[in-house]
Amino acid sequence: MGKEKIFLVLIIILLGFGLRLVNLNQSLWLDETAQAVMSSKSVGEIWLERQADFHPPLFYVMAHYWMQIGHSEIWLRLLPVIFGVISVGLIYLLAGKDKFGLFSAFFLAINPYHIYYSQEFRSYSMLAMLGLLSMLFLKQKKYIWMAITNSLILYTHYSGIFLILAQFIIAPSSIFYFLLSIILYIPWIPRFAEQLQSGVNIDSYLPGWRNVLTLSPIKAIPEIIFKFMAGRINLMPKWVYAIYILFVFGVTGAGIVLNRFERKLLWIWLGIPILASFILSFWIPQTQPFRLLFSLPALVMILAGAATRFPKTFITLVVYISIVGNVLYF
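The rules we used
- One numbering rule holds for all chains: residues counted from 1, following each sequence as written.
- In view of the model being predicted, local features appear only for residues whose pLDDT reaches at least 70, and side-chain atom pairs are presented and counted only at 80 or more, with totals across whole chains, interfaces and linings using the full set of residues.
- Note that the side-chain values use all heavy atoms of the structure and ignore hydrogens as well as water.
- Each helix is a run of DSSP H or I of at least 4 residues and each strand a run of E of at least 2, with the numbering of both proceeding from the N terminus.
- What makes two residues a contact is simply this: any of their non-hydrogen atoms within 4.5 Å.
- Surface accessibility in these figures is a Shrake-Rupley result with a 1.4 Å probe; residues are shielded only by whichever protein chains are displayed.
- Charge counting follows a simple rule: Lys and Arg are positive, Asp and Glu are negative, and His as well as the terminal groups are ignored.
- Here the site of a charge means atom NZ of a Lys, CZ of an Arg, CG of an Asp or CD of a Glu.
- Fitting a line to C-alpha atoms yields each axis, with helices limited to the stretch in contact; the angle taken between N-to-C directions then spans 0 to 180 degrees.
- For classification purposes, angles smaller than 35 degrees are called roughly parallel, those larger than 145 roughly antiparallel, those between 65 and 115 roughly perpendicular, and all remaining angles oblique.
- Rotating anticlockwise by less than a right angle from the far helix to the near helix defines a left-handed crossing, while the corresponding clockwise rotation defines a right-handed one.
- Basically, the charged four are Asp, Glu, Lys and Arg, the nonpolar ten are Ala, Val, Leu, Ile, Met, Phe, Trp, Tyr, Cys and Pro, and anything else, Gly included, counts as polar.
- We call a set of buried Ala, Val, Leu, Ile, Met, Phe, Trp, Tyr and Cys residues a nonpolar core when their side-chain atoms join them within 4.5 Å.
- Only protein chains enter the accessibility calculation, which uses a 1.4 Å probe. A residue is then buried if its area is under 20% of the maximum for its type, exposed if over 50%, and partly exposed in between.
- Working rule for helices: expected span equals 1.5 Å times residues minus one.
- The reported arc concerns the directions from the helix axis to the C-beta atoms and nothing else.
- Only centres within 6.5 Å qualify two rings of Phe, Tyr or Trp (six-membered ring in Trp) as a pair; their planes then separate them into stacked at under 30 degrees, edge-to-face at over 60, and tilted for everything else.
- Residues form patches when they are more than 30% accessible in relative terms and have no salt bridge. Like charges link within 9 Å. Nonpolar side chains (Val, Leu, Ile, Met, Phe, Trp, Tyr) link within 5 Å.
- One speaks of a salt bridge when a side-chain nitrogen belonging to Lys or Arg is within 4 Å of a carboxyl oxygen belonging to Asp or Glu.
- Pairs of N or O atoms are called polar contacts if they sit within 3.5 Å, as long as, within protein, a hydrogen donor faces a hydrogen acceptor (for residues adjacent in sequence, only side-chain-to-side-chain pairs).

A.B. asks: Sorry if this is basic, but what is going on with the overall build of the protein chain here?
C.D. replies: Of the regular secondary structure elements, the protein chain holds 19 helices and 0 strands. Nonlocal contacts in the protein chain, meaning residues at least 24 apart in sequence, comprise 77% of its contacts between residues at least 6 apart. Of the accessible surface of the protein chain, which amounts to about 14,900 Å², a share of 72% is contributed by carbon and sulfur atoms. If the 24 positive side-chain charges of the protein chain are averaged to one point and the 13 negative ones to another, these points end up 13 Å apart.

This is the structure we're talking about:
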């Protein structure tokens with residue numbers, strides 16, 4: 001890699017880091033506060049005493065040791081920020097050291113949805129980073145490292161199984177390594193069974209909570225794609241919002257049609273987790289976009305592939321969508 005490309009990659013990474021520092025001192029919201037309270041417990045309590053909390057332990061344990069240094073909002077949120085910035089570098093390595101890689105890294109660096117969850121003191125930024133690392137190992141055919149990373153993904157969030165399913169469809173001959181991930185996960189299975197039972201019975205002790213945790217079948221897939229592109233925005237008049245939704249889907253659709261890089265891999269990486277989570281949501285609340293954050297880089301790379309063909313047009317459009325999403329969020 002030439003010095004010019006190294007410089008550009010560093011600039012993109014610094015841009016991503018800078019955007020993820022904006023308003024980092026905002027107060028913790030409910031889920032982040034619960035995360036901080038639970039992570040302040042001992043590692044033994046984190047492992048054994050979270051039956052009502054439907055999450056694996058890895059981020060809780062990492063946050064536990066992170067909190068030994070400080071407890072301010074800025075310090076707590078720096079942990080997911082670090083994961084988010086690492087993701088920008090990983091997507092460059094995955095896409096390749098050319099324009100496709102540079103555009104992929106730039107688009108992820110400014111993506112408003114990724115920025116939002118890189119600032120939230122929850123596991124989703126770490127989930128996305130591990131997903132990128134696993135896909136990098138898959139592409140490099142480093143299957144043992146992929147299996148180890150996949151086990152870490154499962155210890156981070158249960159939705160990681162959807163990424164593993166997509167990878168199995170991409171490389172079915174590597175079934176032994178997918179089984180290895182499950183073997184490494186065996187110590188957590190008793191806790192998972194307890195949490196799963198709580199998740200299935202959630203309506204009995206939290207009536208209506210299922211509706212908060214999942215999207216309606218009609219809205220699920222389009223809303224996931226829209227939020228992946230535009231971020232969490234709602235500060236618009238309804239008629240403006242409707243026009244903007246059509247605009248965002250128009251840009252996304254054009255990117256899908258015009259992309260020529262890694263089409264099969266990117267389609268499976270993006271589509272299978274969304275479809276699988278949609279199907280599972282009829283039994284267990286699941287289809288919120290942030291739980292599938294590991295698939296967002298696939299959409300980013302699709303747009304980057306289109307930008308290699310029409311750079312001025314697609315860079316302008318993606319930057320515009322990112323500015324709107326980030327300004328409304330910040």
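A.B. asks: Please explain the packing of helix 6 (residues 99-110) against helix 19 (residues 311-329) as it appears in this structure.
C.D. replies: When two helices pack together, their arrangement is given by the angle between the helix axes and by the axis-to-axis distance. Relative orientation of the contacting elements helix 6 and helix 19 amounts to 20 degrees, with a least axis distance of 9 Å. The orientation of helix 6 relative to helix 19 falls into the category roughly parallel. Along this stretch, helix 6 crosses helix 19, giving a crossing that reads as right-handed. From helix 6, F103, F106, F107 and I110 reach across to helix 19, where they touch P311, F314, I315, V318, V319, S322 and N326. When its residues are assigned to classes, the contact of helix 6 with helix 19 shows 9 nonpolar, 2 polar and no charged.

A.B. asks: Even after reading the chapter, I still don't get the nonpolar core, so can you show me in this structure?
C.D. replies: Note on soluble globular proteins: their nonpolar side chains tend to be buried together. Formed by 92 residues in total, the largest nonpolar core has its most connected members in F228, Y244, W269, L270 and M301. If one sorts the elements of this core by residue count, helix 5 (residues 73-95) sits on top with 12 residues.

A.B. asks: Any chance you could explain helix 1 (residues 3-19) here in plain terms?
C.D. replies: Count 3.6 residues to each turn of an α-helix, and residues three or four apart come out pointing the same way. The end-to-end C-alpha distance of helix 1 is 24 Å, a good match for the 24 Å that 17 residues give at a rise of 1.5 Å each. Burial in helix 1 covers these residues: V9, I12, G16 and L19. Down the axis of helix 1, the smallest arc covering the buried residues is 95 degrees, so these residues share one side. Looking at helix 1, the residues exposed on the side facing more than 90 degrees away from the buried face are K3, E4, F7 and L14. Each element contacted by the buried residues of helix 1 is listed here: helix 5, helix 6 and helix 7 (112-118).

A.B. asks: Any chance you could explain the packing of aromatic side chains here in plain terms?
C.D. replies: Pairs of aromatic rings are described using the distance from one ring centre to the other and the angle between the two planes. As enumerated under the stated definition, the model contains 26 aromatic pairs in all. On the basis of an interplanar angle of 85 degrees and a centroid distance of 5.9 Å, the ring pair of Y117 and Y124 is categorised as edge-to-face. Each member of the pair, Y117 as well as Y124, is classed as buried. Counting every residue linked through ring pairs, the aromatic cluster contains Y113, Y116, Y117, Y124, F228, F290, Y329 and F330.

A.B. asks: What am I meant to see in a nonpolar patch on the surface here?
C.D. replies: Residues L165, F168, I169, I175, F176 and L179 make up a contiguous nonpolar surface patch of about 540 Å² in total accessible area. When residues of the nonpolar patch are traced back to their parent elements, those giving at least two are helix 10 (160-170) and helix 11 (175-185). Within the fold, I169 resides in helix 10. The exposure class of I169 is partly exposed, given its relative accessible area of 39%.

A.B. asks: Looking at this model, I keep getting lost on the pattern of salt bridges. Mind explaining?
C.D. replies: Two side chains of opposite charge can pair, provided their charged atoms sit close to one another. Inspection of every chain in the model, using the stated rule, returns 4 salt bridges. Between R77 and E32 there is a salt bridge whose closest N-O contact spans 2.8 Å. You can see R77 sitting in helix 5 and its partner E32 sitting in helix 2 (residues 30-39), a full 45 residues away along the chain. E32 carries the same exposure label as R77, and that label is buried. The shortest N-O distance in the salt bridge between K139 and E262 comes to 3.2 Å. Here K139 is found in helix 8 (residues 124-139), whereas its partner E262 is found in the loop between helix 16 (238-258) and helix 17 (263-280), with 123 residues between them in sequence. Looking at E262, the relative accessible area reads 34%, which means it is partly exposed.

A.B. asks: How do you make sense of unusual backbone geometry when you look at a structure like this?
C.D. replies: What is expected of a backbone is that most residues other than glycine have negative phi and most peptide bonds are trans. Backbone geometry places K141, a non-glycine residue, at a positive phi of 60 degrees. With respect to the secondary-structure elements, K141 resides in the loop between helix 8 and helix 9 (143-154). Residue E262 is not a glycine yet carries a positive backbone phi of 45 degrees.

A.B. asks: Whenever I open this one, the environment of Q26 confuses me. Can you help?
C.D. replies: Mapped onto the secondary structure, Q26 falls in the loop between helix 1 and helix 2. Q26 sits 300 residues away from N326 along the chain, and the two C-alpha atoms are 15 Å apart. A distance of 3.1 Å separates a polar side-chain atom of Q26 from the backbone oxygen of N23.

A.B. asks: How do you make sense of the packing of helix 9 against helix 10 when you look at a structure like this?
C.D. replies: It is the contact of helix 9 with helix 10, at a shortest axis distance of 8 Å, that shows an interaxial angle of 150 degrees. Between helix 9 and helix 10, the crossing angle belongs to the class labelled roughly antiparallel. Between helix 9 and helix 10 lies a crossing whose hand is left-handed. Within the contact between the two elements, helix 9 uses M146, N150, I153 and L154 and helix 10 uses G160, I161, L163, I164 and Q167.

A.B. asks: I tried to follow helix 2 on my own but got confused; where do I start?
C.D. replies: Among the residues of helix 2, E32, Q35, A36, M38 and S39 are the ones counted as buried. Check the buried side of helix 2 and you find it contacts helix 3 (43-48), helix 4 (58-66) and helix 5.

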